[in-house]
Amino acid sequence: SGVDYHRLIEGRDLWIGGIKIPHTKGALGHSDADVLLHAICDAVLGALALGDIGYHFPDSDISYKNIDSKILLKNCIDLIDSKGYKVINIDSTLCLQAPKINSYVVQMQQIIASIANVTANDVSIKATTTELLGFIGREEGLKAYATVLIGLK
């Protein structure tokens, strides 16, 4: 499983699930700060005890500055592939107060599925608010959880 958090600030784009989503705030991070893809990366890496995205793609490395997180996910998928494994399915949950993401879910599923070499039906993306509670409810940040089932190729 994987989890990721990012602070929301004005003046940044909001990338979630490989899609740029119109919003007044964006996620702060060294890369494009795609909280969903980062949680999935950690889940993929964690399934084989391969560390986390901070180990593989450190924010001290300038080559990852503003990198598209789809590239990071592809690298994680390639790594488990090289070890003889493949993704079976992905289950994820986004925690954010706004914006509503329902109209983007199908496109996110398609993007993630194409990178992970599964079908869109194998990628679950759910979202919840925190009912205005905490840093998420105040729109100071967002969070994502992901669980990935892997199997031998």
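Structure report, in brief. As the structure is a prediction and not an experimental result, all values here were calculated from the model.

Considering the pairing of strand β6 (residues 123–128)
Side-chain positions along a regular strand alternate between the two faces of the sheet. Taken together, the 6 bridges between strand β5 (residues 85–95) and β6 define a ladder with parallel strand orientation. Note on β6: the bridge partner recorded for Ser92 is Ile125. Between the parallel elements β5 and β6, the chain passes through helix α4 (residues 105–116) in a crossover that is right-handed.

A word on α4
Given a rise of 1.5 Å per residue, 12 residues ought to cover 16 Å, and the 16 Å separating the end C-alpha atoms of α4 matches this to within 8%. Taken together, the buried positions of α4 are occupied by Val105, Met108, Gln109, Ile111, Ile112, Ala113, Ile115 and Ala116. The secondary structure elements touched by the buried residues of α4 are β2 (14–16), β3 (19–21), α1 (35–47), α3 (69–82), β5 and β6.

Thoughts on unusual backbone geometry
Glycine aside, the phi torsion of most residues is negative, and most peptide linkages are trans. Following Ala98, the chain continues into Pro99 via a peptide bond in cis, with omega recorded as 0 degrees. With respect to the helices and strands, Pro99 occurs in the loop between β5 and α4. The backbone phi angle of Asn117 is positive, close to 60 degrees, even though this residue is not glycine. Mapping Asn117 onto the fold places it in the loop between α4 and β6.

So, the packing of α1 against α3
One can describe the packing of α1 onto α3 by two numbers: an axis separation of 9 Å at closest approach and a directional angle of 10 degrees. Relative to α3, the element α1 lies roughly parallel. Residue-level inspection shows Leu37, His38, Ile40, Cys41, Val44 and Leu45 of α1 in contact with α3, the latter providing Ser69, Lys70, Leu72, Leu73, Cys76, Ile77, Leu79 and Ile80. Tallied by class, the residues present in the contact of α1 with α3 amount to 11 nonpolar, 2 polar and 1 charged.

Reading the values: the criteria
- One numbering rule holds for all chains: residues counted from 1, following each sequence as written.
- Under the rules for a predicted model, residues below a pLDDT of 70 receive no local features and side-chain atom pairs below 80 are neither given nor counted, while totals for whole chains, interfaces and linings still include all residues.
- To get the side-chain values, all heavy atoms of the structure are used, and hydrogens and water are removed first.
- Two strands are said to pair when DSSP picks up at least two bridges between them.
- Each helix is a run of DSSP H or I of at least 4 residues and each strand a run of E of at least 2, with the numbering of both proceeding from the N terminus.
- Crossover handedness is defined here as right-handed if the route from the first strand over the helix to the second strand goes clockwise, with the strands pointing away from the viewer.
- Residue count minus one, scaled by 1.5 Å, sets the expected span of a helix.
- Only protein chains enter the accessibility calculation, which uses a 1.4 Å probe; a residue is then buried when its area is under 20% of its type maximum, exposed when over 50%, and partly exposed in between.
- Note on contacts: a residue pair qualifies if any of its non-hydrogen atoms lie within 4.5 Å across the two residues.
- A fitted line through C-alpha atoms represents every axis, and for helices the fit uses only the stretch in contact; the resulting angles, taken between N-to-C directions, go from 0 to 180 degrees.
- Should an angle lie under 35 degrees it is considered roughly parallel, over 145 roughly antiparallel, and from 65 to 115 roughly perpendicular; all remaining angles are considered oblique.
- Any residue outside Ala, Val, Leu, Ile, Met, Phe, Trp, Tyr, Cys, Pro, Asp, Glu, Lys and Arg is labelled polar, Gly included; the first ten of those are nonpolar and the last four are charged.

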